[in-house]
Amino acid sequence: MTGLLDQLRTAPRAVLSRLPLGDEEETRRPLPVSGMLAAVATLGVGLAVLTTLTLVGWIAAPRTPLGEGLAGVFRTACQLWLAAHHAGFAIPGGRVGLLPLGLMVLPGTLLYRAGLWMARDADLRVRMPARLPKGTPRDVENARRRAQLVLVAQAGISLAAPYALLAGVIALVARNEVTQPFIGEALASHLVLAFVAGSVATVRTIGPWRSMLRLLPERPRSVVVGTAAALSLLLVAGAVLVVVAVVLNFGEIQELSGMLSPGLVGGLLLLLVECLYLCNAVIWGMAYISGPGFAVGTGTLVAPTGVKLSAVPTLPLLGALPSPGPSPTWVMAVIAVPFAAGAVAGVLVARIAPTPTIEAAPLWGFVCGLCSGAAAGVLAALSGGPLGGARLSAVGPSPWEVALSVALEVGVAAGISAGIANWWLISRRPAAAPEPVQVEGAAIAKAAGRVRPPKGRVLPGHWLDATEADTQPIPVVRDDWTDEHAAAAAETFEPGAAAAGRAPAPARPEDRSEPPRAPRRDIVDETDDRGGHVIYVDPYAWDRD
């Protein structure tokens, strides 16, 4: 399939390479166009595979209900393609909803490969934003995460939208007088499966598998990891239970297969169908371990508390069911598996995202249990369904019973283990050392407080600076200073006193002839501001007014 998609990609570009284009990015195909091509190729390859298998079965047994003629064979292949996406059918007197989950592997694998090709063809690595908004490292990381999630969603929609529209056409082609596909279920199932597969493929193109979980914040990531761990343990336990049941009841399975006498080709096809239904059986085993069990028709029950059966369909895989009657006491020990899975999930939740709030950790563990219950309920709904009407209208586990049981069992155990693990992690965490910046700042402040200015040295700075005001002496007026302004006024206004015959004014102490003194250097003209850096104040400025 990858080779076919590569040919679809290189053929148009080989033609475009001959045209005079100024920029290489003009040859890059838009994302919706790449998604549409990938959807068409996936649908074509999947229908080709199923048509081949159906044709082989029709040749081996032409009178089987695989269709009449090649048109009927192709219509049956379309019905199988819809069943692979878990789209139900309406039949006279009921509906068919018990579909093999193993058949979803074919379209899932094709869609994943198509998503990888779409991401390469559209150059999604180049579409990542080269410039991110400025801010703290956490803001940059959140912006990058949002950009990646938006790109993943766009890629998933680009593949899922045309794929779902083509599924509607297939549902119309698959109609006949007996089976009527539900178009709504076909559109929804194709849309969801294609979106999930395309998104996963896009994430794989952007980075390694480890980067998938890094797209989520720390707290949701812990819940997702814990839920996945709990479900994985439950499914593994269910698979072990199925294998043990098949080994113990292998004789009855062979007896049912002999009753059908399908022949060589029919036997191979029957074996293929049973292998495809093994995924359903594993989920039924998970429901059995959780406590509610499952039903094989109305009025039946297979649970740890007991088994109640009636006539079951002639399917060899159902020969592994336990005998009717009360179950042994030791069988009740399987109910401890969900609690063990919850304990493991709680430890993972606390380890990935520990919290200093002790009472918050058990709540997040219980949230993990709720998510596990919801996921288990969805799996139970997909694994079961009606197989016609009347007695087989209820086959498989009850979704709400499985969801409630798993949520309580896993949630309680996860809450307790998450609280204990979080307390252990917080108590063993070393005390945080003081920040070096604060220590250095305190040392610098302490050293600066011990510094004293030397005596007789003028410190630079503004005259209102506290350091300078404390260290510089303020000039004061003393009695022995000469009043230069009064002497100048006497010389100016009484120059002719002697010529007029008037006695001169009595000599004042400041008029006495004294030897000239050296100019004062402690009083500086206030107009001298040293270039605007230092301002001096004349203490006698008031006398000039």
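Here is what the cut-offs are and how they apply
Think of each chain on its own: its residues are numbered from 1, step by step along the sequence as written. Reporting of local features is limited, given that this is a predicted model, to residues whose pLDDT is at least 70; pairs of side-chain atoms are given and counted only at 80 or more, and all residues count toward the totals for whole chains, interfaces and linings. Where side-chain values are given, they derive from all heavy atoms of the structure, hydrogens and water being excluded. Counting from the N terminus, the helices are the DSSP runs of H or I reaching at least four residues and the strands are the DSSP runs of E reaching at least two. When a residue's accessible area, from a 1.4 Å probe over protein chains only, is under 20% of the maximum for its type it is buried; when over 50% it is exposed; and in between it is partly exposed. Residue contacts are counted whenever heavy atoms from the two residues lie within 4.5 Å of one another. The Shrake-Rupley method, run with a 1.4 Å probe sphere, supplies the accessible areas, and residue values consider only the shown protein chains as cover. Put simply, a salt bridge is a Lys or Arg side-chain nitrogen that is within 4 Å of an Asp or Glu carboxyl oxygen. Note on pairing: two strands pair once DSSP finds at least 2 bridges between them. In a helix, the anticipated span is given by 1.5 Å times the number of residues less one. Throughout, nonpolar core names a set of buried Ala, Val, Leu, Ile, Met, Phe, Trp, Tyr and Cys residues whose side chains join them through atoms within 4.5 Å. Here an axis means a line fitted to C-alpha atoms, over the contact stretch when the element is a helix, while the angle between two N-to-C directions is reported on a 0 to 180 degree scale. Here the angle decides the label: under 35 degrees means roughly parallel, over 145 means roughly antiparallel, 65 to 115 means roughly perpendicular, and every other value means oblique. Left-handed describes a crossing in which the near helix is turned anticlockwise from the far one by less than a right angle; the clockwise case is right-handed. Residue classes follow a fixed rule: Ala, Val, Leu, Ile, Met, Phe, Trp, Tyr, Cys and Pro count as nonpolar, while Asp, Glu, Lys and Arg count as charged, and any other residue, Gly among them, counts as polar. pLDDT expresses, on a scale from 0 to 100, how confident the predictor is about each individual residue. Patch membership is restricted to residues that have no salt bridge and whose relative accessible area is over 30%. Joining uses 9 Å for like charges and 5 Å for the nonpolar side chains Val, Leu, Ile, Met, Phe, Trp and Tyr. We define a polar contact as two N or O atoms separated by no more than 3.5 Å, with the added condition that, inside protein, one atom must be a possible hydrogen donor and the other a possible acceptor, whereas residues neighbouring each other in sequence contribute only through side-chain atom pairs.

**A closer look at the overall build of the protein chain**
Logical step 1: Regarding its fold elements, the protein chain presents 17 helices and nine strands.
Logical step 2: By the burial criterion, 35% of the 545 residues in the protein chain qualify as buried.
Logical step 3: Contacts in the protein chain between residues far apart in sequence, at least 24 positions, make up 73% of those at least 6 positions apart.
Logical step 4: If you sum the accessible surface of the protein chain, you get close to 31900 Å²; carbon and sulfur atoms cover 66% of it.

**Here we look at the pattern of salt bridges**
Logical step 1: Considering all chains together, one arrives at two salt bridges under this definition.
Logical step 2: Put simply, Arg 29 and Asp 121 hold a salt bridge, and the shortest N to O gap is 2.7 Å. Of the two residues, Arg 29 sits in the loop between helix H1 (2-16) and helix H2 (31-60) while Asp 121 sits in helix H4 (residues 105-121), which places them 92 residues apart along the sequence.
Logical step 3: Classification of Arg 29 as buried rests on a relative accessible area of 11%.
Logical step 4: With a relative accessible area of 0%, Asp 121 lands in the buried category.
Logical step 5: A salt bridge links Glu 185 to Arg 95; its shortest N-O distance comes to 3.0 Å.

**Here's the deal with the sheet that holds strand E8 (residues 387-388)**
Logical step 1: What the four strands build is an open sheet, ordered E3-E1-E2-E8; its pairing is antiparallel. In the strand order of this sheet, the two ends are held by strand E3 (180-181) and E8, each with one partner.
Logical step 2: Two elements, strand E1 (residues 89-91) and strand E2 (residues 94-96), share three bridges in a ladder whose sense is antiparallel. In the strand pairing of E2, Ala 90 is matched with Arg 95.

**Observations concerning helix H11 (residues 278-290)**
Logical step 1: For H11, spanning 13 residues, the distance from its first C-alpha to its last is 18 Å, which sits close to the expected 18 Å at 1.5 Å a residue.
Logical step 2: Counted residue by residue, H11 has 11 buried out of 13 residues, so it is predominantly covered.
Logical step 3: All buried positions along H11 are accounted for by Asn 280, Ala 281, Val 282, Ile 283, Trp 284, Gly 285, Met 286, Ala 287, Tyr 288, Ile 289 and Ser 290.

**Quick look at the nonpolar core**
Logical step 1: Counting residues in each nonpolar core, the largest one holds 35 residues, and the members touching the most others are Trp 81, Leu 82, Leu 111, Met 118, Leu 124 and Ile 170.
Logical step 2: Of all the secondary-structure elements, those providing two or more residues to this core are H2, helix H3 (69-84), H4, helix H5 (137-173) and helix H6 (183-206).
Logical step 3: For this core, the leading source of residues is H5, giving seven residues.
Logical step 4: Once residues within four sequence positions are removed from consideration, Met 118 is found in contact with Leu 31, Ser 34, Gly 35, Ala 38, Ala 155, Ser 158, Leu 159 and Thr 202.

**A look at the sheet that holds strand E5 (residues 301-303)**
Logical step 1: The strand order across the open sheet formed by three strands is E5-E6-E7, and the pairing between neighbours is antiparallel. Edge positions in the sheet fall to E5 and strand E7 (325-326), since each has one partner strand and no second.
Logical step 2: When strand E6 (residues 306-308) meets E7, the two strands line up antiparallel, connected through two bridges. Across the sheet, residue Gly 306 finds its bridge partner in E7, namely Pro 326.

**Concerning the packing of H11 against helix H13 (residues 360-383)**
Logical step 1: Interhelical geometry of H11 versus H13 gives an angle of 130° and a closest axis separation of 9 Å. By the angle between their axes, H11 is oblique relative to H13. As for the relative orientation of H11 and H13, their crossing is left-handed in sense. Contacts between H11 and H13 involve Asn 280, Ile 283, Trp 284 and Met 286 from the first element and Ala 376, Leu 379, Ala 380, Leu 382 and Ser 383 from the second.
Logical step 2: In terms of residue class, the contact of H11 with H13 is built from seven nonpolar, two polar and no charged.

**Concerning the environment of Ser 257**
Logical step 1: Relative to the assigned elements, Ser 257 resides in helix H9 (residues 250-260).
Logical step 2: Judged by relative accessible area, Ser 257 falls into the partly exposed class, the value being 26%.
Logical step 3: With 60 residues separating them along the chain, Ser 257 and Leu 317 place their C-alpha atoms 9.0 Å apart.
Logical step 4: Beyond its immediate chain neighbours, meaning those up to four positions away, Ser 257 contacts Pro 262 and Pro 316.

**Some remarks on the confidence of the model for the protein chain**
Logical step 1: The predicted model of the protein chain has a mean per-residue pLDDT of 76, with 69% of residues at 70 or higher.
Logical step 2: Low pLDDT, under 50, characterises residues 11-26; the predicted model gives this stretch 10 contacts beyond four residues in sequence or across chains.
Logical step 3: Note that pLDDT drops below 50 for residues 456-472; the model gives that stretch 12 contacts with residues more than four away or on any other chain.

**As for unusual backbone geometry**
Logical step 1: Here His 86, not a glycine, exhibits a phi torsion of approximately 65°, which is positive.
Logical step 2: Tracing the sequence through the fold places His 86 in the loop between H3 and E1.

**Brief notes about the environment of Cys 78**
Logical step 1: Topologically, Cys 78 is positioned in helix H3.
Logical step 2: By relative accessible area, Cys 78 is classed as buried at 0%.
Logical step 3: Considering only alpha carbons, one finds Cys 78 and Ala 174, 96 residues apart in sequence, at a separation of 5.5 Å.
Logical step 4: Apart from residues lying up to four places away in sequence, Cys 78 is in contact with Leu 47, Ile 170, Val 173 and Ala 174.

**A closer look at a nonpolar patch on the surface**
Logical step 1: A cluster of nonpolar side chains, namely Phe 366, Leu 370, Trp 400, Leu 404, Leu 408, Val 412, Ile 416 and Ile 420, defines an oily patch on the protein surface of about 800 Å² accessible area.
Logical step 2: Within the residue set of the nonpolar patch, elements represented by two or more residues are H13 and helix H14 (399-428).
Logical step 3: Among the elements that line the nonpolar patch, the one with the most residues is H14, at six residues.
Logical step 4: With respect to the helices and strands, the residue Phe 366 is situated in helix H13.

**Concerning the packing of helix H10 (residues 263-276) against H11**
Logical step 1: Where H10 meets H11, the axes come as close as 4 Å, and the angle between the chain directions of the two elements is 35°. Contact residues: Glu 274, Cys 275 and Leu 276 in H10; Leu 278, Cys 279 and Asn 280 in H11.
Logical step 2: In terms of residue class, the contact of H10 with H11 is made up of four nonpolar, one polar and one charged.

**Digging into the environment of Val 331**
Logical step 1: Along the chain, Val 331 turns up in the loop between E7 and helix H12 (336-352).
Logical step 2: Sequence separation between Val 331 and Gly 306 is 25 residues; the distance between their C-alpha atoms is 9.6 Å.
Logical step 3: Apart from the residues lying within four places of it in its own chain, the contact partners of Val 331 are Tyr 288 and Pro 304.

**A closer look at the side chain of Ser 417**
Logical step 1: Mapped onto the secondary structure, Ser 417 falls in helix H14.
Logical step 2: There is a polar contact of 3.2 Å between the side chain of Ser 417 and the backbone oxygen of Ala 414.
Logical step 3: Excluding its chain neighbours within four sequence positions, the residues that come into contact with Ser 417 are Gly 342, Ala 343, Gly 346 and Val 347.

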